[in-house]
Amino acid sequence: MTSQNAIEAQNIGRVYPADGGDVHALRDINLEVGQGQFVALRGRSGSGKTTLLNCLGGLDNPTSGVIWIQGVDLSTMDEAARTYWRRQHIGFVFQQMGLLPSFSAYENLDVMARLGGLPRRQRRERILESLERMDLLDYYDHRPYEMSGGQQQRIAIARALVTAPDLVLADEPTSELDSETTHQVLAVLQSFVRAQGTSVLLSSHDPIVDDYADRIITLSDGQISNGR
Ligand code: ADP
Ligand code: MG
């Protein structure tokens, strides 16, 4: 490994054993994402997007191949070390946002800032800065159910970015949003990651994301069918 890519994946395969025969969710994926790149991962439902993002983020293990994130092979770490490393270096945004319902927007970010090991004196400033970037400062004490879907997804993105991770993995973060809100959310995400120099891999089946990405990779049946 010589490069300093955010993501480097070689010959990734992921097989799920199943009754009717093994499911090859990923087949021989080769992928490089450079520092600061915003890459859209397109593909239909079932094409392997979630499996790939989970493998890249160390939430799942590929059955074959090697992955380096920021030059680090996560498979060489034990579970505790991997979790700690992940919280510092990778931000996740999921379709089901996973916001804590009884916590305010501020507190939702604070939980992630603490898990990511941000020192106490930096936390407040970083949380407020992240909320401001997402244009949500006025909502800092609102709970998720007091906000619209678009606002909630912006909270989830602000939370993923509060630790200033090297890499954001976003799995269909806009699939529950209407197209106008999708544009808003992607625009603020794009400007936020540009400001921080963060690399992004964002899955979607929505062509809108192409407008915000530096590069588009298409998965079909577990294989990259274009790009690299
Ligand atoms: P996408 O996110 O693009 O919809 P997934 O990564 O969820 O695709 O799924 C890719 C393939 O792997 C699909 O055929 C899906 O049914 C299968 N798959 C995903 N997760 C599992 C699992 N836990 N067990 C068995 N098969 C799975
Ligand atoms: Mg999926």
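Residues numbered from 1 in each chain as written. Chains lettered and ligands numbered in written order. Predicted model: local features only at pLDDT ≥ 70, side-chain atom pairs only at ≥ 80, totals over all residues. Heavy atoms only, no water.

### Concerning the sheet that holds strand E5 (residues 90-94)
Turning to step 1, where the next piece is worked out: Strands sit in the order E5-E6-E7-E3-E8-E9 across an open sheet of 6 strands; the sheet is mixed. A single partner strand is all that each edge strand has here, and the edge strands are E5 and strand E9 (223-226). Strand-to-strand twist in this sheet, taken as the mean axis angle between neighbours without regard to direction, amounts to 25°.
Turning to step 2, where the next piece is worked out: Pairing of strand E3 (residues 38-42) with strand E8 (residues 215-220), which is carried by 4 bridges, proceeds in the parallel orientation. Bridge assignment links Ala-40 to a residue of E8, and that residue is Ile-216.
Turning to step 3, where the next piece is worked out: Helix H2 (residues 79-89) contacts E5 and strand E6 (167-171) of the sheet and is inclined by roughly 80° relative to E5.
Turning to step 4, where the next piece is worked out: Along the sheet face, helix H5 (residues 149-161) touches E5 and E6 and points at about 165° away from the line of E5. (Pairing = 2+ DSSP bridges. Helix = DSSP H or I, 4+ residues; strand = E, 2+ residues; numbered from the N terminus. Axes fitted to C-alpha atoms, helices over the stretch in contact; angles between N-to-C directions. Contact = heavy atoms within 4.5 Å.)

### Re the side chain of Ser-130
Turning to step 1, where the next piece is worked out: Mapped onto the elements, Ser-130 comes out in helix H4 (residues 120-133).
Turning to step 2, where the next piece is worked out: When neighbours within four sequence positions are excluded, Ser-130 is seen to be in contact with Leu-109, Ala-158, Leu-161, Val-162 and Phe-192.

### Regarding the site of ligand 1
Turning to step 1, where the next piece is worked out: Around ligand 1, the neighbouring residues are Tyr-16, Val-23, Ala-25, Arg-44, Ser-45, Gly-46, Ser-47, Gly-48, Lys-49, Thr-50 and Thr-51.
Turning to step 2, where the next piece is worked out: Within the contact set of ligand 1, an oxygen atom lies 2.6 Å away from a backbone nitrogen or oxygen of Gly-46.
Turning to step 3, where the next piece is worked out: Lys-49 has a polar side-chain atom sitting 2.8 Å from an oxygen atom of ligand 1.
Turning to step 4, where the next piece is worked out: For ligand 1, the protein covers 60% of the area, taking 560 Å² as the surface of the free molecule. (Near = heavy atom within 4 Å. Polar contact = N/O pair within 3.5 Å; in protein donor to acceptor, adjacent residues only side chain to side chain. Areas by Shrake-Rupley, 256 points an atom, 1.4 Å probe, with all protein chains shown as cover.)

### Description of the environment of Ile-67
Turning to step 1, where the next piece is worked out: By secondary structure assignment, the location of Ile-67 is in strand E4 (residues 64-69).
Turning to step 2, where the next piece is worked out: Sequence-wise, Ile-67 and Cys-55 are 12 residues apart; in three dimensions their C-alpha atoms are separated by 8.3 Å.
Turning to step 3, where the next piece is worked out: Not counting residues up to four positions away in its chain, the partners in contact with Ile-67 are Glu-8, Ala-9, Ile-12, Cys-55, Leu-56, Pro-62, Val-72, Asp-73 and Leu-74.

### Structural notes on the pattern of salt bridges
Turning to step 1, where the next piece is worked out: Evaluation of the coordinates by the stated rule reveals 7 salt bridges.
Turning to step 2, where the next piece is worked out: We note a salt bridge from Arg-114 to Asp-110, for which the minimum N-O separation is 2.9 Å. Taken together, the positions of Arg-114 and Asp-110, both in helix H3 (residues 105-115) and 4 residues apart, correspond to about one turn of that helix.
Turning to step 3, where the next piece is worked out: Classification of Arg-114 as exposed rests on a relative accessible area of 51%.
Turning to step 4, where the next piece is worked out: Connected through salt bridges with shared partners, the residues Asp-110, Arg-114 and Arg-123 form a single ionic network. (Salt bridge = Lys/Arg side-chain N within 4 Å of Asp/Glu carboxyl O. Buried < 20%, exposed > 50% of the residue type's maximum accessible area, 1.4 Å probe, protein only.)

### Examining the environment of Arg-14
Turning to step 1, where the next piece is worked out: Topologically, Arg-14 is positioned in strand E1 (residues 7-16).
Turning to step 2, where the next piece is worked out: Expressed as a C-alpha distance, the spacing of Arg-14 and Ile-208, which sit 194 residues apart in the sequence, is 28 Å.
Turning to step 3, where the next piece is worked out: Filtering out sequence-adjacent residues up to four positions away, Arg-14 remains in contact with Val-23, His-24, Ala-25, Leu-26, Thr-51, Cys-55, Asp-60, Asn-61, Pro-62 and Thr-63.
Turning to step 4, where the next piece is worked out: Within the local environment of Arg-14, its side chain forms a polar contact with the backbone oxygen of Asn-61, the two atoms lying 3.3 Å apart.

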